Amino acid sequence: MKVILLKDLAKVGKKYDVKDVSDGYALNSLLPKGFAKTATASALKNIDALKKELDTERLVQEDLLSKNLHEVEGKTVEIKAKANEKGHLFAGIHKENLPEAIKKSIGADIDAHFIELPKPIKEVGEHEVTIKAHDKKAVMKIIVSRE
């Protein structure tokens, strides 16, 4: 069955991709949960328009970020998290958690897609995070302290 994904799904595809999945997976999981919709002719036309909008929006965000990378270069953001006595965090800090903390601290709007964090931060201390847009990079420090 051909479906149009409405969300990014691991091992399946990205948002607005048209995928051919088994009927059972589509009918029992993807469609009821709202993760996908059936790929009809009219839906495919609408998805093409949405994809173009999404691509142009992403390019605009990337251009803005590449112009404003100097704002975050060398800056420091402090995040408080629950940790044990040894400094190990109870819940890791993922790149999806960082844009909110950066906005509060520095005031810069950065999408999580542009943040390079190879693995979640799981310890108290100082960590370097790279933000990349086009061919430009900026490095900033994240200081994680205990609550």
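Participant: Give a detailed account of the sheet that holds strand β4 (residues 76-81), specifying residues and quantitative values.
Facilitator: Taking strand neighbours across the sheet as the criterion, the 4 strands line up as β4-β9-β8-β6 in an open arrangement whose pairing is mixed. Looking at which strands have only one partner, the edges of the open sheet turn out to be β4 and β6 (115-116). For strand β8 (residues 125-133) and strand β9 (residues 136-146), the ladder comprises 9 bridges, and the chain directions are antiparallel. Bridging from a neighbouring strand, His-127 pairs with Ile-142 of β9.

Participant: Report on the sheet that holds strand β1 (residues 2-5), specifying residues and quantitative values.
Facilitator: A sheet is described by the order of its strands in space; here 3 strands give the open sequence β2-β1-β3, paired in antiparallel fashion. Lying at the two open borders of the sheet, with one neighbouring strand each, are β2 (18-20) and β3 (36-38). Across the sheet, the mean angle separating the axes of adjacent strands is 40° when strand polarity is ignored. By the bridge criterion, 3 bridges tie β1 to β2 in an arrangement that is antiparallel.

Participant: Summarise helix α1 (residues 23-33); cite the residues concerned and give the values.
Facilitator: If you check which residues of α1 are buried, you get Ala-26, Ser-29 and Leu-30. The buried residues of α1 occupy one face: seen down the axis, they fall within an arc of 125°. Away from its buried face, by an angle of more than 90 degrees, α1 presents the exposed residues Asn-28 and Pro-32. Check the buried side of α1 and you find it contacts β1 and β3.

Participant: Requested: an account of the pattern of salt bridges, with residues and values cited.
Facilitator: Applying the stated criterion across every chain yields a total of 3 salt bridges. The salt bridge partner of Lys-104 is Glu-100, with a shortest N-O separation of 3.6 Å. Of this pair, Lys-104 and Glu-100 both sit in helix α4 (residues 98-105), 4 residues apart, roughly one helical turn. Residue Lys-104 shares its accessibility class with Glu-100, and that shared class is exposed. With its nearest N and O atoms 3.0 Å apart, the salt bridge here joins Asp-109 to Lys-103.

Participant: Kindly report on the nonpolar core, identifying the contributing residues and their values.
Facilitator: For soluble globular proteins, the rule of thumb is that nonpolar side chains tend to be buried together. Ranked by internal contacts, the top residues of the largest apolar core, which has 25 residues, are Val-72, Ile-93, Leu-98, Ile-102, Ile-110, Ile-131 and Ile-142. For this core, the elements supplying multiple residues, two or more each, are α3 (69-72), β4, β5 (88-93), α4, β8 and β9. Apart from residues lying up to four places away in sequence, Ile-93 is in contact with Ile-79, Ala-81, Leu-98, Leu-117, Pro-120, Ile-121 and Val-144. Counting 8 residues, the second largest nonpolar core, distinct from the first, contains Val-3, Leu-5, Val-12 and Leu-30.

Rules used in this analysis
- Residues numbered from 1 in each chain as written.
- Predicted model: local features only at pLDDT ≥ 70, side-chain atom pairs only at ≥ 80, totals over all residues.
- Heavy atoms only, no water.
- Pairing = 2+ DSSP bridges.
- Helix = DSSP H or I, 4+ residues; strand = E, 2+ residues; numbered from the N terminus.
- Axes fitted to C-alpha atoms, helices over the stretch in contact; angles between N-to-C directions.
- Buried < 20%, exposed > 50% of the residue type's maximum accessible area, 1.4 Å probe, protein only.
- Arc of directions from axis to C-beta.
- Contact = heavy atoms within 4.5 Å.
- Salt bridge = Lys/Arg side-chain N within 4 Å of Asp/Glu carboxyl O.
- Core = buried A, V, L, I, M, F, W, Y, C linked by side-chain atoms within 4.5 Å.

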